[in-house]
Amino acid sequence: PHYAVATQPVSIPLAAIYTGVFMAFVSNIRYQLLQGIVEPYMIDGTFVKLEALCNRRKNSPDTIPKSIEYLRHLKKLVIIIVRYGNGLLGSWIAIGGMKACGLQ
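Every chain's residues receive numbers from 1 upward, in the order its sequence appears when written. Reporting in this predicted model follows two pLDDT cut-offs: at least 70 for local features of residues, and 80 or more for side-chain atom pairs to be given and counted; totals over whole chains, interfaces and linings ignore these cut-offs and use all residues. Side-chain measures were taken over the full set of non-hydrogen atoms in the model, leaving aside hydrogen atoms and water.

A. Up close: the overall build of the protein chain. Elements are defined by DSSP. Helices are runs of H or I of four residues or more, strands are runs of E of two residues or more, and each kind is numbered from the N terminus. For the protein chain, the count of helices and strands is two helices and zero strands. Throughout, the radius of gyration refers to the C-alpha atoms, and the reference size of a globule is 2.2 Å times the residue count to the power 0.38. By the compact-globule yardstick of 13 Å for 104 residues, the protein chain is too spread out, its C-alpha radius of gyration being 23 Å. Judged by the C-alpha coordinates and their principal axes, the protein chain covers about 80 × 35 × 20 Å. For each residue, the accessible area found with a 1.4 Å probe, counting protein chains only, is set against the maximum for its type, and the residue is called buried under 20%, exposed over 50%, and partly exposed in between. Counting all 104 residues of the protein chain, 19% fall into the buried class. We call two residues contacting when some pair of their heavy atoms lies within 4.5 Å. Of the contacts made within the protein chain by residues no fewer than 6 positions apart, 73% connect residues no fewer than 24 positions apart. Surface accessibility of the protein chain: about 8,300 Å² in total, with carbon and sulfur atoms responsible for 68%. Taking the 11 positively charged and 5 negatively charged side chains of the protein chain as two groups, their mean positions are separated by 7 Å. Only the protein chains shown count as cover for residues, and the accessible areas themselves come from Shrake-Rupley with a 1.4 Å probe. Neither His nor the chain ends contribute to the count of charged residues, in which Lys and Arg are positive and Asp and Glu negative. By convention, charge coordinates are those of NZ in Lys, CZ in Arg, CG in Asp, or CD in Glu.

Next up, the structure:
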């Protein structure tokens, strides 16, 4: 029987160094931007304004309007989607970089 390897051998130390550098710089920068700018200013800022618009209606002080409850759930969903997208972006960049460096 003849068997041909379908993949090329990869240097484990170089792949480890690439992964370490990637995690130290690219991933850190992405998460710093996400949690330092996108979430507090863009997402939270938008939902604070929307919540203020919903609070303009006359309501009893003891009850939270349904619209605000829906907004809070929507905000959580938006944050989950943005964080998931950030993870996918990171994977895409990492794999693209490994391919460009010949490590995958």
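There is more to say after this.
B. Local environment of a nonpolar patch on the surface. Without a salt bridge and with relative accessible area above 30%, a residue can belong to a patch; like charges are then joined within 9 Å and nonpolar side chains (Val, Leu, Ile, Met, Phe, Trp, Tyr) within 5 Å. Salt bridges are counted wherever a side-chain nitrogen of Lys or Arg sits within 4 Å of a carboxyl oxygen of Asp or Glu. Taken together, the side chains of Leu 14, Ile 17, Val 21, Phe 25, Ile 29, Leu 33, Ile 37, Tyr 41 and Met 42 present a nonpolar region at the surface, about 960 Å² in accessible area. Accessibility expressed as a relative area gives 44% for Ile 37, which makes it partly exposed.

C. Geometry of the pattern of salt bridges. Taken as a whole, this structure holds three salt bridges when the rule is applied. Put simply, Lys 75 and Asp 44 hold a salt bridge, and the shortest N to O gap is 2.9 Å. Taken as a pair, Lys 75 in helix α2 (residues 66–100) and Asp 44 in helix α1 (residues 12–55) lie far apart in primary sequence, 31 residues in all. Residue Asp 44 is classed as partly exposed on the basis of its relative accessible area, which comes to 24%. Between Glu 51 and Arg 72 there is a salt bridge, with its nearest N and O atoms 3.3 Å apart. You can see Glu 51 sitting in helix α1 and its partner Arg 72 sitting in helix α2, a full 21 residues away along the chain. The exposure class of Glu 51 is partly exposed, given its relative accessible area of 22%. Accessibility expressed as a relative area gives 39% for Arg 72, which makes it partly exposed.

D. Quick peek at α2. Between the first and last residue of a helix there are one fewer steps than residues, each counted as 1.5 Å, and that sum is the expected span. Taking 1.5 Å per residue as the helical rise, α2 with its 35 residues ought to reach 51 Å, and the 51 Å between its terminal C-alpha atoms agrees with that figure. Among the residues of α2, those classed as buried are Ile 68, Leu 71, Ile 79, Asn 86, Gly 90, Ala 94, Gly 97 and Met 98. The inward-facing, buried residues of α2 contact α1. Immediately beyond the C-terminal end of α2, within one or two residues, lies Gly 102, with a positive phi of roughly 75 degrees.

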